[in-house]
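# Observations on chain architecture
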Amino acid sequence: MSRRLKFLLAGTVILITMEWRTLLYYVSPPPDFSQGKVVLYATDWCPYCEKTRTLLEQRHIPYKEYNIESSEEGRHQYKQLAGKGVPVLLVAGEVVRGYHEKRMATVLDQWQAQQHNKTAEEK
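All values derive from a computational prediction rather than experimental measurement.

### Focus on the sheet that holds strand 4 (residues 94–97)
- Spatially, 2-1-3-4 is the arrangement adopted by the four strands of the open sheet, whose pairing is mixed. Two strands in the sheet have a free side with no partner beyond their single neighbour: strand 2 (64–67) and strand 4. For this sheet, the mean angle separating the axes of adjacent strands, direction not counted, is 15 degrees.
- Here helix 3 (residues 47–58) sits on the sheet in contact with strand 1 (38–42), strand 2 and strand 3 (88–91), set at roughly 160 degrees to strand 1.

In structure tokens:
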């Protein structure tokens with residue numbers, strides 16, 4: 001086997017190994033750590049994390065936040081959700097990676113409608 005082919009094969013194996021958790025995400029659904037609620041994985045210094053907090057607060061949506069730099073549990077969950085950047089928003093099992101306001105709004109609208117329906121059924 002030529003030296004170039006060996007190098008290419010080794011590089012491919014390394015890339016596949018490094019991105020294995022991301023590949024697993026596409027093969028199987030992500031774990032739902034939210035238990036039907038809203039969870040934000042963020043950092044203190046990220047401006048997009050702050051925009052996400054503002055969006056949630058403007059909509060009066062209660063949420064649990066994990067600082068992935070200081071929370072061991074948060075960092076573990078973030079990795080299992082194939083997080084690569086922040087923010088990561090988990091809404092009742094639906095994952096939004098990065099700050100995508102329209103996508104976040106859609107997912108949050110659906111969640112709020114489900115919450116409203118649950119409340120109406122309980123009455």
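### Let's talk about the pairing of strand 1
- The element strand 1 is largely enclosed, with a buried count of five among its five residues.
- Along strand 1, one buried face is formed by Val38, Leu40 and Ala42 and the opposite face, lined by Val39 and Tyr41, is buried too.
- Across four bridges, the pairing between strand 1 and strand 2 is parallel. Counterpart to Leu40 in the pairing with strand 2 is Glu65.

About the thresholds
Residues numbered from 1 in each chain as written. Predicted model: local features only at pLDDT ≥ 70, side-chain atom pairs only at ≥ 80, totals over all residues. Heavy atoms only, no water. Pairing = 2+ DSSP bridges. Helix = DSSP H or I, 4+ residues; strand = E, 2+ residues; numbered from the N terminus. Axes fitted to C-alpha atoms, helices over the stretch in contact; angles between N-to-C directions. Contact = heavy atoms within 4.5 Å. Buried < 20%, exposed > 50% of the residue type's maximum accessible area, 1.4 Å probe, protein only.

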